[in-house]
Amino acid sequence: MARSAAVDAQRLDREAHELFKQLGVVPTTGQDKDGRTITITPGERFTEINRRARLIAVSDTLAQAVAHLLTTRGVRAEVDQVRVDPAAEGDEQVMALRVTAAGADAVIPLRPATTRLRAYPPAPDIDLTGHTPLAEFDLAPGADGWVTADAIADALLPHLAGAAAPADTAPADAAPADATLADAAPVTA
């Protein structure tokens, strides 16, 4: 029988941070048929495709860490699928969290190093354009602009009470029973 590996949220956060610092593609150095050193600079299209793929990988690792942190604090949270947050500063796909708040599901696209996250009603679409955010969450970045998994979990926790475990089994730092997504920052047009 296979044993499940313990999740180390801090290790996942460090990995995501390191991957985020390496979103760019570096030129490849090699030798031609005559033994001369040559440098091959990746094309613009390849560079953009690679950056987008790495952004998904970074957000997946970050989502795993945040989901684990929320789960250990008594909140139902899991890694969802790639999503596009229409209100974000770019159109890239990133992994999202699926959380339960006040008895209702929500998806939260996790764009790495952003200072604002938005919760949306779940939808089958990857692109959430046309869906009104349920709530917005402001995040405090570190000195280098990275927002840690702990900071994200801490910002979301007070608003995910409907998903918290029963009071007698909830961890001491679980969300209060009367908090909801409605208690998050109101969404304004």
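Residues numbered from 1 in each chain as written. Predicted model: local features only at pLDDT ≥ 70, side-chain atom pairs only at ≥ 80, totals over all residues. Heavy atoms only, no water.

Residue position: Glu 78 is located in strand β3 (residues 77-83). You can call Glu 78 partly exposed: its relative accessible area is 45%. For the pair formed by Glu 78 and Ala 65, sequence separation is 13 residues and the distance between their alpha carbons is 9.9 Å. Sequence-distant contacts of Glu 78, defined by excluding residues within four places in its chain, comprise Ala 67, Ala 96, Leu 97 and Arg 98. (Helix = DSSP H or I, 4+ residues; strand = E, 2+ residues; numbered from the N terminus. Buried < 20%, exposed > 50% of the residue type's maximum accessible area, 1.4 Å probe, protein only. Contact = heavy atoms within 4.5 Å.)

Once that is clear, we can look at the packing of helix α2 (residues 44-72) against helix α3 (residues 149-156). As a packed pair, α2 and α3 sit with axes 9 Å apart at the nearest point and diverge in direction by 50°. One element, α2, and the other, α3, form an angle in the oblique class. Taken as a pair, α2 and α3 cross one another with a handedness that is right-handed. Across the interface between the two elements, Leu 62, Ala 65, Val 66, Leu 69 and Leu 70 of α2 pack against Ala 149, Asp 150, Ile 152, Ala 153 and Leu 156 of α3. Class assignment for the residues of the contact of α2 with α3 results in nine nonpolar, no polar and one charged. (Axes fitted to C-alpha atoms, helices over the stretch in contact; angles between N-to-C directions. Parallel < 35°, antiparallel > 145°, perpendicular 65-115°, else oblique. Left-handed = near helix turned anticlockwise from the far one by under 90°. Nonpolar A, V, L, I, M, F, W, Y, C, P; charged D, E, K, R; others polar.)

On to the pattern of salt bridges. Any two side chains of opposite charge can pair, on the condition that their charged atoms come close. Scanning the entire structure with this criterion turns up 18 salt bridges. Measuring nitrogen to oxygen at the nearest pair gives 2.9 Å for the salt bridge that ties Arg 36 to Asp 32. The residue Glu 92 makes a salt bridge to Arg 111 at a minimum N-O spacing of 2.7 Å. With Glu 92 in the loop between β3 and β4 (94-101) and Arg 111 in the loop between β5 (104-109) and β6 (116-119), this pair connects stretches of sequence that are 19 residues apart. The structure contains a network of salt bridges with shared partners spanning Glu 48, Arg 51, Arg 52, Glu 89, Asp 91, Glu 92 and Arg 111. (Salt bridge = Lys/Arg side-chain N within 4 Å of Asp/Glu carboxyl O.)

As a further point, take the sheet that holds β3. Pairing is antiparallel in the open sheet, where three strands are placed in the order β3-β4-β5. The sheet terminates laterally at β3 and β5, the two strands that pair on one side only. Geometrically, the sheet is characterised by an average inter-axis angle of 35° between neighbouring strands, direction not taken into account. Sheet strands in contact with α2 are β3 and β4, and its direction is about 20° off that of β4. (Pairing = 2+ DSSP bridges.)

All right, on to unusual backbone geometry then. One non-glycine residue, Ala 113, lies in positive phi territory at about 65°. Accessibility expressed as a relative area gives 26% for Ala 113, which makes it partly exposed.

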